[in-house]
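Structure assessment
One-letter residues, chain by chain:
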Amino acid sequence: KTMTITKDYLPISMRRSGLKMDKVVFIVCHDVGNPNSSAKGNVKYYHDTKNDSPTGVHSFIDDKEVIEIIPLDEKCNHVRRSVGNDKQLYGVYANDAAIGVELCYFPQEPERSKTAYNNYTAYIATLCRNYALDPLQKLVGHYVCDPVRRTDPLNAFRYLNKSMEQFLQDVKNEMKLDIVLGGDPITPSCWAQEEKIKSLKVWITNLLTFISRWYNK
C-alpha cells in the first residue's frame with residue numbers, strides 16, 4: 001500500500017506551541033466528534049481558529065487523505081491534563097509525549113467510513129513502526145484518558161461495528177504489511193526485538209537438549 005501525507009502545518013500560535021517532545025511514548029486515538037466533516041474541513045477550522053484555543057492535534061484522516069497540522073515531534077494539547085489517567089498509564093502526559101490522531105467518519109456513508117478507518121489504521125500502524133511502539137500497549141483511546149468527557153474514537157468505531165480491541169489487532173496486523181508513507185518501508189524495532197527473543201529461546205532449548213543428551217550418555 002502507498003499513502004500520501006499532506007503537511008499543512010499551523011503557524012506558531014495558541015494551537016501550536018512549537019515545543020519539541022523528548023520522545024514519542026504513545027499514541028492517543030481520537031475521532032473528530034463531528035460526523036460527516038472531512039479532514040480538509042477540520043484542518044481549515046483549526047487554521048481559522050489558531051489563536052482562539054490552545055487545543056490541537058497532530059493529524060486528521062478521512063477517506064481521501066491524511067493531513068498533518070502539527071509536526072509529529074512537537075508537543076500538542078489534545079488531552080485534558082488535569083485528569084491524569086495518561087500520566088498514570090505511561091508515566092508522562094499525552095500533551096508532552098503522545099501523538100494525537102483524529103478519524104473522520106460518515107454515518108450515512110458506510111463505504112466512506114470504512115475507507116477512512118482503513119487509512120487511519122494504516123497510518124497509525126506506520127507510526128507504530130516508525131517509533132517502535134507495540135500497538136497493543138502504546139495505543140490508547142481518548143475515552144480512557146478523559147472518561148467523563150470523551151468517548152472517542154468509539155463514536156466512529158460504532159458505525160463500523162469495531163471495538164477498540166479489534167482496532168488494536170487491526171493495527172498490529174497492518175504493521176506486518178509493507179506500507180510506504182512517502183518513503184521506504186521501515187522494519188519496526190519492536191518486531192525485530194521479538195524475533196531476537198524467539199531465536200534466543202530456540203538456541204537455549206537446543207543447548208539444554210544437547211547438555212541433557214551429553215549428561216545421560
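Residues numbered from 1 in each chain as written. Predicted model: local features only at pLDDT ≥ 70, side-chain atom pairs only at ≥ 80, totals over all residues. Heavy atoms only, no water.

Overview of the environment of Asn-119
What counts is decided by this rule: Secondary structure elements follow DSSP: runs of H or I of four or more residues count as helices, runs of E of two or more count as strands, with numbering from the N terminus.
On the secondary structure map, Asn-119 appears in helix α4 (residues 110-130). Between the alpha carbons of Asn-119 and Asp-62 there is a distance of 7.2 Å; along the sequence they are 57 residues apart.

Let's talk about the pattern of salt bridges
Under the convention used in this document: Any Lys or Arg side-chain nitrogen found within 4 Å of a carboxyl oxygen on Asp or Glu counts as a salt bridge. Whether a residue is buried, partly exposed or exposed follows from its accessible area with a 1.4 Å probe, protein chains only, as a fraction of its type maximum: under 20%, in between, or over 50%, in that order.
All chains considered together, the criterion is met by 13 salt bridges. A salt bridge links Arg-80 to Asp-146, with the shortest nitrogen-to-oxygen separation between them at 3.1 Å. Note that Arg-80 is positioned in the loop between β4 (66-68) and α2 (85-90) and Asp-146 in the loop between α6 (142-145) and α7 (154-157), a separation of 66 residues in sequence. The shortest N-O distance in the salt bridge between Asp-96 and Arg-81 comes to 2.8 Å. Of this pair, Asp-96 sits in helix α3 (residues 94-97) while Arg-81 sits in the loop between β4 and α2, and the two are 15 residues apart along the sequence. Overall, Asp-96 belongs to the partly exposed group, its relative accessible area being 23%. Residue Arg-81 is classed as partly exposed on the basis of its relative accessible area, which comes to 38%. Via salt bridges that share partners, Asp-63, Lys-64, Glu-109 and Arg-112 belong to a single interconnected network.

A word on the nonpolar core
Selection rule: The definition of a nonpolar core used throughout is a set of buried Ala, Val, Leu, Ile, Met, Phe, Trp, Tyr and Cys residues joined through side-chain atoms within 4.5 Å. What makes two residues a contact is simply this: any of their non-hydrogen atoms within 4.5 Å.
Counting residues in hydrophobic clusters, the biggest one holds 42 residues, and the most contacted among them are Ile-27, Ile-69, Val-101, Tyr-120, Ile-124, Leu-139 and Phe-167. When residues of this core are traced back to their parent elements, those giving at least two are β2 (26-31), α1 (39-48), β3 (59-61), β4, β5 (98-103), α4, α7 and α8 (164-175). Setting aside its immediate chain neighbours within four residues, Tyr-120 contacts Cys-29, His-30, Ile-61, Val-101, Glu-102, Leu-103, Pro-153, Phe-157 and Phe-167. Listed in part, the 10 residues of the second largest apolar core include Val-28, Val-79, Ala-98 and Cys-145.

Description of the sheet that holds β5
Our working rule: Pairing between strands is defined by DSSP: at least two bridges between them are needed. Only the stretch in contact is used when fitting a helix axis, every axis being a line fitted to C-alpha atoms; angles between N-to-C directions are given from 0 to 180 degrees.
As summarised here, the arrangement of the six strands in space is β1-β4-β3-β5-β2-β6, forming an open sheet in which the pairing is mixed. Of all the strands in the sheet, the pair left with one neighbour each is β1 (5-7) and β6 (139-141). If you compare each strand with its neighbour and ignore which way they point, the axes differ by 25 degrees on average. Relative to β6, β2 is paired through three bridges, and the arrangement is parallel. Directly across from Val-28, in β6, lies its bridge partner Val-140.

Quick look at the pairing of β2
Counting buried positions along β2 yields six of six residues, so the element is predominantly enclosed. Neither face of β2 is open: one carries Phe-26, Val-28 and His-30, the other Ile-27, Cys-29 and Asp-31, and all of them are buried. Pairing between β2 and β5: six bridges, direction parallel. When the sheet's bridge partners are listed, Val-28 is paired in β5 with Gly-100.

Re the environment of Tyr-93
Of note, Tyr-93 is situated in the loop between α2 and α3. Sequence spacing of Tyr-93 and Val-79 is 14 residues, and the spatial spacing of their C-alpha atoms is 8.4 Å. Sequence-distant contacts of Tyr-93, defined by excluding residues within four places in its chain, comprise Phe-26, Arg-81, Gly-84, Asp-86 and Lys-87.

Some words on the packing of aromatic side chains
The geometry of an aromatic ring pair comes down to the distance between the two centres and the angle between the two planes. How we decide: A pair of Phe, Tyr and Trp rings is counted when the ring centres sit within 6.5 Å of each other, with Trp represented by its six-membered ring. The angle between the planes then sorts it: under 30 degrees is stacked, over 60 is edge-to-face, the rest tilted. Charge over a ring is defined by NZ of Lys or CZ of Arg lying within 6 Å of the ring centre and within 35 degrees of the ring normal.
Enumeration according to the criterion identifies eight aromatic pairs in this entry. With centroids separated by 5.2 Å and ring planes inclined at 70 degrees, the aromatic side chains of Tyr-46 and Phe-60 adopt a geometry described as edge-to-face. Here the residue Tyr-46 occupies a position in helix α1, and Phe-60 occupies one in strand β3, the gap between them amounting to 14 residues. Take Tyr-46 and Phe-60: they sit in the same class, and that class is buried. Both rings, one in Tyr-117 and one in Phe-167, keep their centres 6.1 Å apart while their planes meet at 65 degrees; by these two values the pair is edge-to-face. Taken as a pair, Tyr-117 in helix α4 and Phe-167 in helix α8 lie far apart in primary sequence, 50 residues in all. For Phe-167, a relative accessible area of 0% corresponds to the buried category. Each residue in the set Tyr-117, Tyr-120, Phe-157 and Phe-167 is aromatic and connected to the rest through ring pairs, giving one cluster. Positioned above the aromatic ring of Tyr-46, the side-chain terminus of Arg-15 is 4.3 Å from the ring centre. Positioned over the ring face of Phe-106 is Arg-112, at 3.8 Å from the centre of the ring.

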